[in-house]
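Here's the letter readout for the chains.
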Amino acid sequence: MINLETPTKLDTLTYQANMAALHVLRPISRKYDRAEHTYPVELDGLAELVAQANAQQAGMSASDTPELPESDAGAGGTINGRNLASLIGLIEMCWGDVGLMLTMPRQGLGQAAIRAVATPEQLERFGGKWAAMAITEPEAGSDSAAIRTTAVLDGEDYVLNGEKIFVTSGDRAELIVVWATLDRSAGRGAIKSFVVERDNPGLKLDRLEHKLGIRASDTANFVLENCRVPKANLLGSPEITTAREGFAGVMQTFDNTRPMVAGMAVGVARAALERTRELLEEAGVPVDYDRPLVVQGAAVAEFIQLEADWEASRLLTLKAAWMADNRMPNTVAASIAKAKAGRVATDVTLRCVALCGTLGYGEDELLEKWARDAKILDIFEGTQQIQQLVIARQLLGKQSKELV
Ligand SMILES: Cc1cc2nc3c(=O)[nH]c(=O)nc-3n(C[C@H](O)[C@H](O)[C@H](O)COP(=O)(O)OP(=O)(O)OC[C@H]3O[C@@H](n4cnc5c(N)ncnc54)[C@H](O)[C@@H]3O)c2cc1C
């Protein structure tokens, strides 16, 4: 039987994350939307509390790197593990503010990249640190196989050269997971990820971007100039394998990160829906689920349609994370969740702006900000079109060169 409730063991986490979002993130939301590139110092204390809560939730110390026991994986398909717990917390925090959540110390998507391919020794060294992820280059966005940054072995180090753009938390994180190729002529199988310390002198900050939304989050562009990293910082195996095997390792990152980005979309869309409902009620247009829509008017009918779409995106997102917890292949589910939630969040937040009229468009409310913040969730970690392409390839059994 399908159980549509979230696990009760996550109730405390949900409550705590919601309180943090309400009392820490929301009050400073507008301040850091305006003060782009200023670090939100208020987040330091909160990040510490979140780390402790996460560790408690997982029943371990803050520095541990949690791992689901192999023997439990998939047993009866009933495990709700780290992915689901992270997702539930993330949804609440993004209900508070997506940009601030993205710049919370230790919350970087780079950790998902590390967990996807790291050895136990690497997990020990890098687990728990604030890690950003640098895939995108001027000539490689949606087509991440086109990466030009090179990594050449020189003694005990790899030497990285290239350019990385639009790195979320790139300036503030402790680590940056950089994707680079060991041999451009070997194609996808030679692309590997490398952990680079943020203070590595070969990693040069070029500039910080000015953006439409998520302005509290820093977005950095880097040049890698003879950037030396220890050999042991190559995540996973250094072997150049066939395109499918080799690239599959790094692509696994997305199976972990896409449900999380979908969760961000679910969070911000819920914020917009809840505020819109309150404003409709204040305007004398209450939403009543028990009365026929035809007597409640067009605004309520539209609102309920948006809510239904949002609920579908939420359930798909929970499913993708739950599958990851249960070690089920979730590539299709992760892309479905990301495509649906990304589209729903941009649609819902913009339509909420319209439903609330001048209130929706003005800066007295956060609705216009949420509409700006939501747009990126349909772009990074793979755009709407790329998710659809991934889904189509998987369902039709086509390789990337067969369906472009
Ligand atoms: C605020 C922000 C933060 C970011 N953070 C990070 C980060 O932390 N790390 C990182 O590595 N990157 C990051 N990115 C980069 C982001 O992942 C890319 O912008 C995204 O993957 C799209 O790449 P692109 O911008 O080069 O667009 P392109 O790949 O040039 O795509 C342009 C348009 O063409 C469409 N398109 C491309 N190929 C196809 C196709 N085959 N079929 C149909 N349509 C297609 C796309 O959907 C898109 O609409 C960030 C970007 C932004 C704006």
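Residues numbered from 1 in each chain as written. Predicted model: local features only at pLDDT ≥ 70, side-chain atom pairs only at ≥ 80, totals over all residues. Heavy atoms only, no water.

1. A closer look at the overall build of the chain
Counting its secondary structure elements, the chain contains 13 helices and seven strands. Taken against the 2.2 N^0.38 rule, which gives 22 Å for 404 residues, the C-alpha radius of gyration of the chain at 21 Å falls within 12% of a compact globule. Each principal axis of the C-alpha atoms in the chain carries an extent, and together these give about 75 × 50 × 45 Å. Expressed as a percentage of its 404 residues, the buried residues of the chain come to 50%. Restricting the contact set of the chain to residue pairs at least 6 apart, pairs at least 24 apart contribute 73%. Carbon and sulfur atoms provide 54% of the accessible area of the chain, an area that totals close to 18,300 Å². Separation between the mean location of the 42 positive side-chain charges and that of the 54 negative ones in the chain comes to 4 Å. (Helix = DSSP H or I, 4+ residues; strand = E, 2+ residues; numbered from the N terminus. Rg over C-alpha atoms; globule rule 2.2 N^0.38 Å. Buried < 20%, exposed > 50% of the residue type's maximum accessible area, 1.4 Å probe, protein only. Contact = heavy atoms within 4.5 Å. Areas by Shrake-Rupley, 256 points an atom, 1.4 Å probe, with all protein chains shown as cover. Lys, Arg positive; Asp, Glu negative; His and termini not counted. Charge placed at Lys NZ, Arg CZ, Asp CG, Glu CD.)

2. Considering the site of the ligand
The ligand sits among 20 residues. The nearest are M133, T136, S142, F166 and T383. Contacts to the ligand include S142, whose side-chain N or O atom sits 2.6 Å from an oxygen atom. Between the ligand and F166 there is a distance of 2.9 Å, counted from a nitrogen atom to a backbone nitrogen or oxygen. Taken by itself the ligand offers 970 Å² of open surface, and the protein chains cover 64% of this. (Near = heavy atom within 4 Å. Polar contact = N/O pair within 3.5 Å; in protein donor to acceptor, adjacent residues only side chain to side chain.)

3. Some remarks on the nonpolar core
If you look at the biggest cluster of nonpolar residues, it comprises 85 residues, and the most contacted ones within it are L46, M93, I114, L235, M264, L367 and L377. By residue number, the principal contributor to this core is helix α7 (residues 243-282), which donates 14 residues. Setting aside chain neighbours within four positions, we find I114 in contact with L123, F126, A131, L175, V177, V195 and L235. Grouped together as the second largest cluster of nonpolar side chains are 20 residues, Y158, V167, A173 and I176 included. (Core = buried A, V, L, I, M, F, W, Y, C linked by side-chain atoms within 4.5 Å.)

4. Overview of the state of the cysteines
With the rule as written, the count across this model stands at zero disulfides. Free of any disulfide, C352 has its nearest neighbouring cysteine sulfur in C356, separated by 6.3 Å. Since its relative accessible area comes to 0%, C352 is described here as buried. (Disulfide = S-S within 2.5 Å.)

5. Structural notes on unusual backbone geometry
One non-glycine residue, F166, lies in positive phi territory at about 55°. Among the secondary structure elements, F166 is positioned in strand β3 (residues 157-168).

6. Focus on helix α9 (residues 298-325)
Residues three or four positions apart in an α-helix share a direction because the helix packs 3.6 residues into each turn. Taking 1.5 Å per residue as the helical rise, α9 with its 28 residues ought to reach 40 Å, and the 41 Å between its terminal C-alpha atoms agrees with that figure. Looking one or two residues past α9, R327 carries a phi angle of roughly 55°, positive in sign. (Expected span 1.5 Å × (residues − 1).)

7. Observations concerning the side chain of T317
Tracing the backbone through its elements, the reader meets T317 in helix α9. By relative accessible area, which is 0% here, T317 ends up buried. Look past the residues within four positions of T317 in its chain and what remains in contact with it is L87, P259, A262, G263, V266, A337 and A341.

8. Let's talk about helix α5 (residues 110-117)
Burial within α5 is extensive, with seven of its eight residues counted as buried. The set of residues buried in α5 consists of G110, Q111, A112, A113, I114, A116 and V117.

9. Concerning the confidence of the model for the chain
In the predicted model, the chain carries a mean pLDDT of 90, and the fraction of residues at 70 or more is 91%. Long-range and interchain partners of residues 60-76, a stretch whose pLDDT sits below 50, account for 23 contacts in this model, where long-range means more than four residues apart. (pLDDT = per-residue confidence, 0-100.)

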